[in-house]
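# Report on the structure
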Amino acid sequence: MSNIRTSVKCHCGQRVISRDVMQTGYYLRLFGPSYVYVKYRCSRCRKLGEQFIKQEEWEAGILKDSTEELAQDDKERFDTLGAIDINEVIDFHFALENLSTMDGLDPAPPAKKVKQRSSTER
Ligand SMILES: [Zn+2]
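In this text, all values refer to a predicted model and were calculated from it rather than measured experimentally.

### A closer look at the overall build of the chain
Secondary structure assignment for the chain yields 2 helices and 5 strands. Reading the secondary structure of the chain in the N-to-C direction produces β-β-β-β-β-α-α. Counting across all 122 residues of the chain, residues that qualify as buried make up 8%. The long-range share in the chain, meaning contacts at least 24 apart out of those at least 6 apart in sequence, stands at 44%.

Written as structure tokens, this is what we have:
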């Protein structure tokens, strides 16, 4: 598994950890691997950089920093949350795609759920 990287590194060689990260994004691809986009400021050379990281590498805890002041329990919990978070994003993407294929995109009905769908339109 030599092509799975275990850390994000700046061009100067400094490792990028979670507190250096300024922005992350998610690039979902239906075919092929999805990517997490990371924008960071290097803690050593202070330069901005950005990288795309394969989703499975991201989930492996690529930004884990052993010096983070977290209790081990919390750390494990946050690691778990992090992984779930990406999956939630994926679910969200798919949910949105399903939405756009449904015909029921008319404005949300008032609080009470109206049972009969208006058969008068179209
Ligand atoms: Zn650097």
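### Brief notes about the sheet that holds strand S5 (residues 48-54)
Spatially, S3-S4-S5 is the arrangement adopted by the 3 strands of the open sheet, whose pairing is antiparallel. Across the chains shown, the open sheet's two edge strands, defined by having one partner strand only, are strand S3 (21-27) and S5. Across this sheet, the average inter-strand angle for adjacent strands is 20°, counted without regard to direction.

### A short note on the nonpolar core
Core analysis: the largest hydrophobic core is formed by 9 residues, namely Val8, Cys10, Val16, Val36, Val38, Tyr40, Trp58, Ile62 and Leu63. In terms of residues, this core owes the most to one element, strand S4 (residues 35-41), which gives 3 residues. Once residues within four sequence positions are removed from consideration, Ile62 is found in contact with Thr6, Ser7, Val8, Ile53 and Glu57.

### Concerning the pairing of S5
Sheet topology places S4 next to S5; 7 bridges connect them, and they run antiparallel. Of the residues in S5, the one forming a bridge with Arg41 is Leu48. In sequence, S4 turns back onto S5 through a hairpin of 6 residues, with Arg46 there showing a positive phi of about 65°.

### So, the environment of Val16
Positionally, Val16 belongs in strand S2 (residues 15-16). Residue class for Val16 comes out buried when judged on the 22 C-beta atoms lying within 10 Å of it. Ignoring sequence-local partners within four residues, the contact set of Val16 consists of Val8, Lys9, Cys10, Val21, Tyr40, Cys42 and Leu63.

Reading the values: rules and limits
Residues numbered from 1 in each chain as written. Predicted model: local features only at pLDDT ≥ 70, side-chain atom pairs only at ≥ 80, totals over all residues. Helix = DSSP H or I, 4+ residues; strand = E, 2+ residues; numbered from the N terminus. Buried ≥ 20, exposed ≤ 12 C-beta atoms within 10 Å, placed from the backbone. Contact = placed C-beta atoms within 7 Å. Pairing = 2+ DSSP bridges. Axes fitted to C-alpha atoms, helices over the stretch in contact; angles between N-to-C directions. Core = buried A, V, L, I, M, F, W, Y, C linked by C-beta atoms within 7 Å.

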